[in-house]
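One-letter residues, chain by chain:
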Amino acid sequence: MVRFFIFAAVVSVALMIYTLIECSRAPKHLVRSLPKSAWFAVIIVLPLVGAVLWFILGRPVSTANQSSAQQTAPDDDEDFLRQLEVWRRQQQREAESKAREQELNSQSKNKKNDDSVTKPESNRAPGAEKPSDKSEDTDSDSPDTKA
């Protein structure tokens, strides 16, 4: 029987503390039946009964019902619009980074292609001559006269 009284006392104190915190957080103009200071006195003087009375008579009407009645359109909600702007900027940054990446990839491919074209010339033996479009005339100073 003593264990039951200890358990009931612990539950009563916990409920009283919870009720006092909830009463203190409730806006003054939304508290029903009694003024807020009177509810503190009732909760402290009558710990278990005062807590039950607070939940039945004094507690403000649920804010969940009020928020659902005052719903706004998404384009009127500043947080939603701000989040949309953040999302849009993020999408724009991702698109720009993909474009830069593609540009760098195409530049590196072009550079590799340019390097592969010039590599055969650089791989020649040191004494080898470069091919030229000129004909191999030893008399390049004299005009061509064929008789």
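This text follows the structure it describes.
From a predicted model like this one, the values you see are computed outputs, not experimental measurements. (Residues numbered from 1 in each chain as written. Predicted model: local features only at pLDDT ≥ 70, side-chain atom pairs only at ≥ 80, totals over all residues. Heavy atoms only, no water.)

Turning to the overall build of the protein, a few remarks are in order. Within the protein, the regular secondary structure consists of 5 helices and 0 strands. The helix and strand sequence of the protein, counted from the amino end, reads α-α-α-α-α. Considering the protein as a whole, with its 147 residues, one finds that 10% of them fall into the buried category. Taking as baseline every contact in the protein between residues at least 6 positions apart, the subset at least 24 positions apart corresponds to 48%. As presented, the protein carries roughly 13000 Å² of accessible surface, and 57% of it is formed by carbon and sulfur atoms. (Helix = DSSP H or I, 4+ residues; strand = E, 2+ residues; numbered from the N terminus. Buried < 20%, exposed > 50% of the residue type's maximum accessible area, 1.4 Å probe, protein only. Contact = heavy atoms within 4.5 Å. Areas by Shrake-Rupley, 256 points an atom, 1.4 Å probe, with all protein chains shown as cover.)

The next thing to look at is helix α1 (residues 2–25). One turn of the α-helix equals 3.6 residues, which is why residues spaced by three or four share an orientation. For α1, spanning 24 residues, the distance from its first C-alpha to its last is 35 Å, which sits close to the expected 34 Å at 1.5 Å a residue. In this fold, the buried residues of α1 make contact with α2 (36–45) and α3 (47–58). (Expected span 1.5 Å × (residues − 1).)

Attention now moves to the nonpolar core. Judged by nonpolar contacts, Met16, Cys23, Ala26, Val31, Trp39, Ile43 and Trp54 together constitute the single largest core of 7 residues. Counting only elements with at least two residues in this core, the list comes to α1 and α2. Excluding anything up to four places from it in sequence, Trp39 contacts Cys23, Val31, Arg32, Ser33, Leu34, Gly50, Leu53, Trp54, Leu57 and Gly58. (Core = buried A, V, L, I, M, F, W, Y, C linked by side-chain atoms within 4.5 Å.)

Take a nonpolar patch on the surface next. A grouping of Val45, Leu46, Leu48, Val49, Val52, Leu53, Ile56 and Leu57 is seen on the molecular surface, where their side chains present a nonpolar patch of about 690 Å² in accessible area. Broken down by element, the residue count for the nonpolar patch peaks at 6 residues, all from α3. Positionally, Ile56 belongs in helix α3. (Patch = residues over 30% accessible without salt bridge, like charges linked within 9 Å, V, L, I, M, F, W, Y side chains within 5 Å. Salt bridge = Lys/Arg side-chain N within 4 Å of Asp/Glu carboxyl O.)

Moving on: the packing of α2 against α3. At a minimum axis distance of 5 Å, the contact between α2 and α3 shows a crossing angle of 140 degrees. Residue-level contacts link Trp39, Val42, Ile43, Ile44 and Val45 of α2 to Pro47, Gly50, Leu53, Trp54, Leu57 and Gly58 of α3. (Axes fitted to C-alpha atoms, helices over the stretch in contact; angles between N-to-C directions.)

Quick look at the side chain of Lys36 now. Relative to the helices and strands, Lys36 is located in helix α2. An unpaired buried charge is present at Lys36: no salt bridge exists, and Glu22, the closest side chain of opposite charge, is 11 Å distant. Not counting residues up to four positions away in its chain, the partners in contact with Lys36 are Cys23, Ser24, Ala26, Lys28 and Val31. (Lys, Arg positive; Asp, Glu negative; His and termini not counted.)

Residue Ser33 is not a glycine yet carries a positive backbone phi of 70 degrees. Summarising the element assignment, Ser33 is placed in the loop between α1 and α2.

This part takes up the pattern of salt bridges. Side chains bearing opposite charge may pair, as long as their charged atoms lie close to each other. By the definition in use, this model includes 4 salt bridges. The partner of Glu22 in a salt bridge is Arg59, and the shortest N-O contact between them spans 2.6 Å. You can see Glu22 sitting in helix α1 and its partner Arg59 sitting in the loop between α3 and α4 (63–69), a full 37 residues away along the chain. In this structure, Arg82 and Asp79 form a salt bridge, with 2.8 Å as the shortest nitrogen-oxygen distance. Taken together, the residues Arg82 and Asp79, both in helix α5 (residues 78–122) and 3 residues apart, mark about one turn of the helix. Three or more residues joined by partner-sharing salt bridges are found here, namely Glu85, Arg88 and Arg89.

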